[in-house]
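Chains, contacts and geometry: an overview
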Amino acid sequence: MIDLKDAAAFLRLCETSNLTRTATLCNVSPSTLSRTLNKLERKLNAKLCISDKNGICITVAGRKFEECAKNNLIAY
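Summarised in this report is the structure supplied together with it.

Conventions adopted
- Residues numbered from 1 in each chain as written.
- Predicted model: local features only at pLDDT ≥ 70, side-chain atom pairs only at ≥ 80, totals over all residues.
- Heavy atoms only, no water.
- Helix = DSSP H or I, 4+ residues; strand = E, 2+ residues; numbered from the N terminus.
- Rg over C-alpha atoms; globule rule 2.2 N^0.38 Å.
- Buried < 20%, exposed > 50% of the residue type's maximum accessible area, 1.4 Å probe, protein only.
- Pairing = 2+ DSSP bridges.
- Axes fitted to C-alpha atoms, helices over the stretch in contact; angles between N-to-C directions.
- Parallel < 35°, antiparallel > 145°, perpendicular 65-115°, else oblique.
- Left-handed = near helix turned anticlockwise from the far one by under 90°.
- Contact = heavy atoms within 4.5 Å.
- Nonpolar A, V, L, I, M, F, W, Y, C, P; charged D, E, K, R; others polar.
- Polar contact = N/O pair within 3.5 Å; in protein donor to acceptor, adjacent residues only side chain to side chain.

Looking only at helices and strands, the protein features four helices and two strands. Over its C-alpha atoms the protein spans a radius of gyration of 11 Å, differing by no more than 12% from the 11 Å that the globule rule assigns to 76 residues. Oriented by its inertia axes, the alpha-carbon framework of the protein measures out at about 35 × 25 × 20 Å. Taking all 76 residues of the protein together, the buried fraction comes to 33%.

Now the structure itself:
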């Protein structure tokens, strides 16, 4: 089962495309956010985002999870 807090952090990352900014907004360290993302990717068995010099790029699987997460958080 996916933790709602983890899903919300991923949604924030989708909005900002910046790990450090997202960590600040979620009141966690960047390393904690990175571990959260790794945990989500393991649970979903999919790569959700790719980090490069320009920031974070959300993968196709990440966009699908983004939609699911939005729907579930709205329903919650």
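Let's pick the thread back up.
This part covers the pairing of strand β2 (residues 55–58). Where strand β1 (residues 49–52) lies against β2, four bridges are found, and the strand directions are antiparallel. Bridged to D52 within β2 is G55. Taking the residues that link successive antiparallel strands as the turn, the β1-β2 hairpin has two residues.

Further remarks concern the packing of helix α1 (residues 4–16) against helix α4 (residues 60–75). Packing of α1 against α4 brings their axes to within 10 Å, and their N-to-C directions diverge by 125°. As summarised for this structure, α1 and α4 are arranged oblique, according to the angle between their axes. Crossing hand, α1 versus α4: left-handed. For the pair α1 and α4, the contacting residues are L4, A7, A8, F10, L11 and C14 in the first and G62, R63, F65, E66, A69, K70 and L73 in the second. The residue makeup of the contact of α1 with α4, split by class, is nine nonpolar, one polar and three charged.

What follows is about unusual backbone geometry. Apart from glycine, the bulk of residues carry a negative phi angle, and the bulk of peptide bonds sit in the trans form. The residue S17 is not glycine, and still its phi comes out positive at about 55°. Of the residues examined, S17 reaches a relative accessible area of 28% and is grouped as partly exposed.

Glancing now at the packing of α1 against helix α3 (residues 30–44). Relative to each other, α1 and α3 sit at 110°, their axes nearing to 10 Å. Regarding the angle of α1 to α3, the classification is roughly perpendicular. Here α1 contributes D6, A9, F10 and L13 to the contact with α3, which in turn contributes L33, T36, L37, K39 and L40. A per-class count over the contact of α1 with α3 returns six nonpolar, one polar and two charged.

This paragraph deals with the side chain of T22. Looking at the secondary structure, you find T22 in helix α2 (residues 19–25). Assessed through its relative accessible area of 0%, T22 is described here as buried. A polar contact is formed between the side chain of T22 and the backbone oxygen of N18, at a distance of 2.8 Å. Those residues in contact with T22 that lie beyond four places of it in its chain are A9, R12, L13, T16 and L33.

Function cannot be inferred from these measures alone, as they are strictly geometric.
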